[in-house]
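# Observations on the three-dimensional arrangement
Spelled out from the first residue to the last, the chains are:
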Amino acid sequence: MAGKPARAVNAIDQTRRMLSLVTYLRERPGARIADVARAFGITEDELVADLDLLPMCGTSFRGGDLLDIDTDGERIWWHNPAALGEEAAEPLRLAADEATALLVAARAVATLPGLREGDRQALLRATAKVETAAGEAAGASSRLSVTFESEGGVFADVDRAISERRRLWIRYYSPARDEVTEREIDPIRLVSVGHTYVEAWCRRSEARRTFRLDRVAEIRVLDEPAAPPEVELRDLSEGLVQPAAEDPEVVVEVGPGGRWVAEYYPHDSAEELPDGGLRITLRTPDPASLRRLALRLGGDGRIVSPPELAESARRAAREALAAYDGTPDAAGDVVEGRR
């Protein structure tokens, strides 16, 4: 679908938009996708992504209470608008397990670092009301607790920085270089493509970069305002890594145990080999980063070209074996996965 690049939004902005979208669609049965996207100032792809989430929303998780919204690619159809009508506006009743899950989750979210104080207080007030309404069912929730892993705190800080338009300082682990670096970034948006990432303008490299949240070792929200330059948001529907035609070409041969490479890495071609393996041609802006792939494959694959990268991977493998054996590096001792 076509559409202009949308401005960067955070999770809170998207939630507000989706709430407005529900009202908008209920008043406009069969609305055209192009018209709705234009009304909300987003791309058609972003609108379709919102529509994919709406069927998971409703007054409860029972089938008839969830929103039945779909699209035929041109128009949007809401098949059960009565789910949010006046006849559905009866008092919400929570089962004991629902009340327990809600209270445990609410208390956990209230402890997240980086949560705005106003939001924290509002959440605590809402939690107290649910506790009162739940009565005895609330007792079980007090005996349970949830602790978020570090990524949850990083997410909260990034989301806060985006909302308040502030710069971030991070210590970030780069597996391609096996090093931790410190840098200041101006966050643009949070994206989820398998893992959760922040797309940002990196002040160290003066370029747009994408950082995986679970690789952020430390984070601070700075007082300095974020001022990323105007950039066109990329369409990530085809994956986070989208090599350009001018990127260097790399050829990798893998055995049957390495066929997963063709599923994980975007590639130009994957030719079947007689033994059940593949000859994969791909492009990458940083060919050196594939050395780690070669080491991970071990006997299940090897880099064929360019020759200098293949030699670099062989040298890295020899050094790794020498470190394990405690013996000097000996050229030619490594048995390659494919000859």
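Cut-offs used in this document
- Residues numbered from 1 in each chain as written.
- Predicted model: local features only at pLDDT ≥ 70, side-chain atom pairs only at ≥ 80, totals over all residues.
- Heavy atoms only, no water.
- Pairing = 2+ DSSP bridges.
- Helix = DSSP H or I, 4+ residues; strand = E, 2+ residues; numbered from the N terminus.
- Axes fitted to C-alpha atoms, helices over the stretch in contact; angles between N-to-C directions.
- 1 Å grid on protein atoms, 1.4 Å probe; cavity = no way out; pocket = protein on both sides within 12 Å on 5 of 7 lines; lining within 4 Å.
- Points joined across faces, edges and corners; volume = space filled by probe spheres on them.
- Nonpolar A, V, L, I, M, F, W, Y, C, P; charged D, E, K, R; others polar.
- Expected span 1.5 Å × (residues − 1).
- Core = buried A, V, L, I, M, F, W, Y, C linked by side-chain atoms within 4.5 Å.
- Buried < 20%, exposed > 50% of the residue type's maximum accessible area, 1.4 Å probe, protein only.
- Contact = heavy atoms within 4.5 Å.
- pLDDT = per-residue confidence, 0-100.

Let's shift gears to the sheet that holds strand E8 (residues 249-254). Spatially, four strands are ordered E9-E10-E8-E11 in an open sheet, and the strand pairing comes out antiparallel. The sheet is open, and its two borders are formed by strand E9 (269-272) and strand E11 (301-305), each paired with just one other strand. This sheet shows a mean twist of 20° between the axes of neighbouring strands, independent of strand direction. One ladder, built from six bridges, connects E8 with strand E10 (residues 278-283); its direction is antiparallel.

Before going further, it helps to examine empty space enclosed by the protein. Counted according to the given criterion, the structure contains one cavity of 30 Å³ or more. Residue lining of the largest cavity: Val154, Val158, Leu168, Ile170, Ile185, Val198, Leu213, Val216 and Ile219, and that is the complete set. Here the lining of the largest cavity is composed, by residue class, of nine nonpolar, no polar and no charged.

To continue, consider the environment of proline 266. Tracing the backbone shows proline 266 in the loop between helix H8 (260-264) and E9. Distance from proline 266 to threonine 284, taken between C-alpha atoms, is 9.2 Å for residues 18 residues apart in sequence.

Taking 1.5 Å as the rise per residue, helix H5 (residues 117-134) with 18 residues should run 26 Å; its terminal C-alpha atoms sit 25 Å apart, in good agreement. Just downstream of H5, glycine 135 is the residue with a positive phi angle, here 65°.

Okay, the nonpolar core next. The tendency in soluble globular proteins is for nonpolar side chains to be buried side by side. Of all hydrophobic cores here, the largest spans 18 residues; its most connected members are Leu25, Val36, Leu47, Leu51, Leu54, Ile69 and Ile76. Residue assignment for this core shows that the elements contributing at least two residues are helix H1 (11-26), helix H2 (33-40), helix H3 (44-53) and strand E2 (76-78). In terms of residues, this core owes the most to one element, H1, which gives five residues. When sequence neighbours within four positions are dropped, the list of residues in contact with leucine 25 reads Ala31, Val36, Leu51, Leu54, Ile69, Ile76 and Trp78. Residues Val154, Ile170, Leu190 and Leu213 belong to the second largest nonpolar core, which totals 17 residues.

Looking now at the confidence of the model for the protein chain. With 73% of its residues at a pLDDT of 70 or more, the protein chain has an overall mean of 76. Note on residues 1-8: pLDDT under 50 across the span, and 22 contacts to partners over four residues away in sequence or across chains. The low-confidence segment residues 327-339 (pLDDT under 50) makes 24 contacts with residues lying over four places distant or belonging to another chain.

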